[in-house]
Amino acid sequence: MPLNQQILLDSRPTGEAVVSNFKQVSSETPALQDGQVLVRHHFLSLDPYMRGRMNDAKSYAAPQPLGQVMLGGTAGEVVESRSPKFQPGDKVVGMGGWQQYSVVDAEQPGALRKVDTTHVPLSHYLGAVGMPGVTAWYGLVKIIEPKAGQTVVVSAATGAVGSAFAALAKARGCRAVGIAGGPEKCRYAVEELGFDACIDYKLHQDAASLSNALKGVCPDGIDGYFENVGGMVLDAVLPRMNAFGRIALCGMIAGYDGQPMPLTHPALILTNRLKVQGFIVSEHMEVWPEALKELGTLVATDKLRPRESVAQGIEAAPEAFLGLLKGKNFGKQLVKLI
Ligand SMILES: NC(=O)c1ccc[n+]([C@@H]2O[C@H](COP(=O)([O-])OP(=O)(O)OC[C@H]3O[C@@H](n4cnc5c(N)ncnc54)[C@H](OP(=O)(O)O)[C@@H]3O)[C@@H](O)[C@H]2O)c1
């Protein structure tokens, strides 16, 4: 069995996460038991939720245990099988973690999913045609519930979740507006992802200035807002919301290192009769088949062209992850492991 390079959580962050919170080790891959398969990971997905799990704090999911392999989504290939359900060569996605190989109990429902790479590249099953894409789909379709002609806005618009948003919103006849960091990301949002407009929040010193810029590109107000960031961006969007608007609260990355994020005008939720709903995509497995079908078709027909930031080698994972939390990624952040 092959030697396996792994990244463990070695210590919990105090404030900002740092490289020394992680530790790389190598270990023997255990021999397969009946019903198990050996998966060689081609790609590891890096996602903001991992930052929350590094803390020993109450949340919707248990903390990442110290001294264990970092949890994470993986896409790869079955290289050895003692299960009738999988053959060597099958392309699969699962939760293999920050390591080169994983031994998976193939009998466990949902542990490993075969994917078809004929029209969709393997890596996209960790992005637009995977958990982040379904996240965009759920927040837009089930919480924002947009109607044709309405204006919908998303923050972190060019990231893994945000980049699936415009194609889904345009398919429903909406005006789609993005908020992203920097001119290059904003240009990409409009020219490649299909947003009608994109605002560079880094050009604005305060929420009032950002809010004014939003007014310019959302002349009819905002009917649906998909929140990935929080802080100043949420403060800027709230005054632009139309009566009976819907806010899908997906993420608040601006506060993941523990920064307080006070809301300046919460009364706007009342006066505008807004619906604000948080959600966790893994709690809505019932929508995944429908969402993945639409997302897969959008990618296969070139209507959604997601971009990826790919770090090379397992040893690059900690730096790439810390970069993701600072917006250094451009599109879905992955680590290529072979
Ligand atoms: N609820 C769920 O089930 C669920 C599932 C998946 C993801 N999420 C959440 O969705 C959000 C996006 O996730 P993702 O995987 O698609 O990540 P991502 O957008 O690919 O990467 C994170 C992006 O956040 C932006 N960002 C970072 N710090 C920021 C700050 N202080 N202010 C403004 N923007 C900042 C950066 O983009 P800019 O350069 O444009 O600022 C960065 O590229 C995260 O909040 C994540 O936790 C939630």
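Small disclaimer: the values here were computed from a predicted structure and weren't measured.

J.: Please clarify how the site of the ligand should be interpreted in this entry.
T.: Taken together, 27 residues form the shell around the ligand, and within it Val161, Lys185, Tyr201, Tyr256 and Asn329 come nearest. Between the ligand and Gly181 there is a distance of 2.8 Å, counted from an oxygen atom to a backbone nitrogen or oxygen. Its residues assigned to classes, the shell around the ligand shows 18 nonpolar, eight polar and one charged. Inspection of the shell around the ligand shows a minimum of three residues originating in each of domain 1 (3-127 + 306-336) and domain 2 (131-282).

J.: Help me understand the domain arrangement of the protein chain, please; the structure alone is not making it clear to me.
T.: How big an interface is tends to be stated in terms of accessible area lost as the parts join. Domain annotation for the protein chain reports domain 1 (3-127 + 306-336) and domain 2 (131-282). If you average the C-alpha positions of domain 1 and of domain 2, the two centres end up 28 Å apart. Counting residues at the interface gives 19 residues for domain 1, matched by 13 residues for domain 2. Our count for the contact surface shared by domain 1 and domain 2 stands at two salt bridges.

J.: Quick question: what am I supposed to make of the sheet that holds strand β9 (residues 175-180) here?
T.: Sheet architecture is open: six strands sit in the order β10-β9-β8-β11-β12-β13, paired in parallel fashion. In this open sheet, the two edge strands, each paired with only one partner strand, are β10 (197-200) and β13 (275-278). Neighbour-to-neighbour, the strand axes of the sheet open up by a mean angle of 15 degrees, direction not taken into account. Here strand β8 (residues 151-155) runs beside β9; their pairing, made up of five bridges, is parallel. Its bridge partner being in β9, Val153 is matched across the sheet by Val177.

J.: Looking at this structure, I do not really get the nonpolar core. What am I missing?
T.: Generally speaking, nonpolar side chains in soluble globular proteins are found buried as a group. Core analysis: the biggest nonpolar cluster contains 51 residues, and Val134, Phe165, Phe195, Phe226 and Leu304 have the highest contact counts within it. Among the elements of the structure, α2 (131-144), β8, α3 (165-171), β9, α4 (183-191) and α8 (288-300) are those that each provide at least two residues to this core. In this structure, this core is formed jointly by two domains, domain 1 (3-127 + 306-336) and domain 2 (131-282), each of which donates at least three residues. The residues touching Phe195, leaving out its near neighbours within four places in the chain, are Val154, Ala157, Gly162, Phe165, Ala166, Ala176, Val177, Gly178, Ala189 and Val190. Ranked by size, the runner-up nonpolar core spans 21 residues in total, among them Ile179, Val233, Ile247 and Leu274.

J.: Help me understand the packing of aromatic side chains in this model?
T.: The geometry of an aromatic ring pair is captured by the separation of the ring centres together with the interplanar angle, meaning the angle of the planes. Taken as a whole, this structure holds seven aromatic pairs when the rule is applied. Judged by centre distance (6.2 Å) and plane angle (85 degrees), the rings of Phe22 and Phe321 are edge-to-face. Separated by 299 residues along the polypeptide, Phe22 in strand β2 (residues 22-28) and Phe321 in helix α9 (residues 317-324) bring together distant segments of the chain. Owing to a relative accessible area of 0%, Phe321 belongs among the buried residues under this scheme. Judged by centre distance (6.2 Å) and plane angle (75 degrees), the ring pair of Phe226 and Phe279 falls under edge-to-face. Highlighted residues: Phe226 in strand β11 (residues 222-227) and Phe279 in the loop between β13 and α8, separated in sequence by 53 residues. In this structure Phe226 comes out as buried when scored by relative accessible area, which is 0%. Clustering of aromatic rings is evident, with ring pairs tying together Tyr138, Phe165, Phe226 and Phe279. In this structure, Lys114 is placed above the aromatic ring of Phe86, and the distance from its NZ or CZ to the ring centre is 5.5 Å. Directly above the ring of Tyr188 sits Arg307, whose terminal nitrogen or CZ lies 5.4 Å from the centroid.

J.: Explanation requested: the pattern of salt bridges in the structure shown.
T.: Between side chains of opposite charge, a pair can form as their charged atoms come close. The full count for this structure, using the stated rule, is twelve salt bridges. The salt bridge involving Arg82 is made with Asp34; its shortest N-O contact spans 2.5 Å. Here Asp34 lies in the loop between β2 and β3 (36-45) and Arg82 lies in the loop between β4 (74-81) and β5 (91-94), a separation of 48 residues in the sequence. Overall, the relative accessible area of 62% leaves Asp34 in the exposed class. Here Asp196 makes a salt bridge to Lys170, at a shortest N to O gap of 2.7 Å. With Asp196 in the loop between α4 and β10 and Lys170 in helix α3, this residue pair connects regions lying 26 residues apart in the sequence. Of the residues examined, Asp196 reaches a relative accessible area of 33% and is grouped as partly exposed. Via salt bridges that share partners, Glu192, Asp302 and Arg305 belong to a single interconnected network.

So, how was this worked out
Residues numbered from 1 in each chain as written. Predicted model: local features only at pLDDT ≥ 70, side-chain atom pairs only at ≥ 80, totals over all residues. Heavy atoms only, no water. Near = heavy atom within 4 Å. Polar contact = N/O pair within 3.5 Å; in protein donor to acceptor, adjacent residues only side chain to side chain. Nonpolar A, V, L, I, M, F, W, Y, C, P; charged D, E, K, R; others polar. Domains from an automatic or database assignment. Contact = heavy atoms within 4.5 Å. Salt bridge = Lys/Arg side-chain N within 4 Å of Asp/Glu carboxyl O. Pairing = 2+ DSSP bridges. Helix = DSSP H or I, 4+ residues; strand = E, 2+ residues; numbered from the N terminus. Axes fitted to C-alpha atoms, helices over the stretch in contact; angles between N-to-C directions. Core = buried A, V, L, I, M, F, W, Y, C linked by side-chain atoms within 4.5 Å. Buried < 20%, exposed > 50% of the residue type's maximum accessible area, 1.4 Å probe, protein only. Phe/Tyr/Trp six-rings, centres within 6.5 Å; stacked < 30°, edge-to-face > 60°. Lys NZ or Arg CZ within 6 Å of the ring centre and 35° of its normal.

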